[in-house]
Amino acid sequence: QVQLVESGGGLVQAGGSLRLSCATSGGTFSRYAMGWFRQAPGKERDFVAAINWGGVVTFYADAVKGRFTISRDNAKNTVFLQLNSLKVEDTAVYYCAADELGTIGPSSSNRRSWDYWGRGTQVTVSA
């Protein structure tokens, strides 16, 4: 079965940076689109970023564009999310997701478009 495991979360001060990783196994990683979502307490799970199977096309939520960067290393079956200029409102559990379709677009912002999910990693930004 396809498994996704996030790591790299933690506590960071506002304005700081963090790098999240998502290790995958059990599937054809190089064929999957990959994405990141986040969920703050009492809120819905919101789209953050997506990257297509080849790693060339990316798509970001407006709230993080210019601050976060998604990338992937297909040789290592791993996707990354670089979080820069962090704000208190970025505090959330961050989830990794995979889509067998391989391509991305506006529908990628819908969590129901994704086939597999990790269990999340906590990011806390302090003022």
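Calculation rules
- Residues numbered from 1 in each chain as written.
- Predicted model: local features only at pLDDT ≥ 70, side-chain atom pairs only at ≥ 80, totals over all residues.
- Heavy atoms only, no water.
- Salt bridge = Lys/Arg side-chain N within 4 Å of Asp/Glu carboxyl O.
- Helix = DSSP H or I, 4+ residues; strand = E, 2+ residues; numbered from the N terminus.
- Buried < 20%, exposed > 50% of the residue type's maximum accessible area, 1.4 Å probe, protein only.
- Core = buried A, V, L, I, M, F, W, Y, C linked by side-chain atoms within 4.5 Å.
- Contact = heavy atoms within 4.5 Å.

## A closer look at the pattern of salt bridges
No. 1: As enumerated under the stated definition, the model contains two salt bridges in all.
No. 2: With its nearest N and O atoms 2.9 Å apart, the salt bridge here joins Asp90 to Arg38. On the criterion of sequence distance, the pair formed by Asp90 in the loop between strand E8 (78–83) and strand E9 (92–99) and Arg38 in strand E4 (residues 33–39) is long-range, its members being 52 residues apart. The pair Asp90 / Arg38 is uniform in exposure class, with both members buried.
No. 3: As a salt-bridge pair, Arg67 and Asp90 come within 2.8 Å of each other at their nearest N and O atoms. In this pair, Arg67 is assigned in the loop between strand E6 (58–60) and strand E7 (68–73) and Asp90 in the loop between E8 and E9, connecting sequence segments 23 residues apart.

## Digging into the nonpolar core
No. 1: Core analysis: the biggest nonpolar cluster contains 35 residues, and Met34, Trp36, Val79, Leu81 and Tyr94 have the highest contact counts within it.
No. 2: Looking at this core, the elements with two or more residues in it are strand E3 (18–25), E4, strand E5 (46–51), E7, E8, E9 and strand E11 (121–126).
No. 3: When residues no more than four places from it in sequence are discounted, the contact partners of Tyr94 are Glu6, Leu20, Trp36, Phe37, Arg38, Val48, Phe68, Leu81, Leu83, Gly120, Thr121 and Val123.

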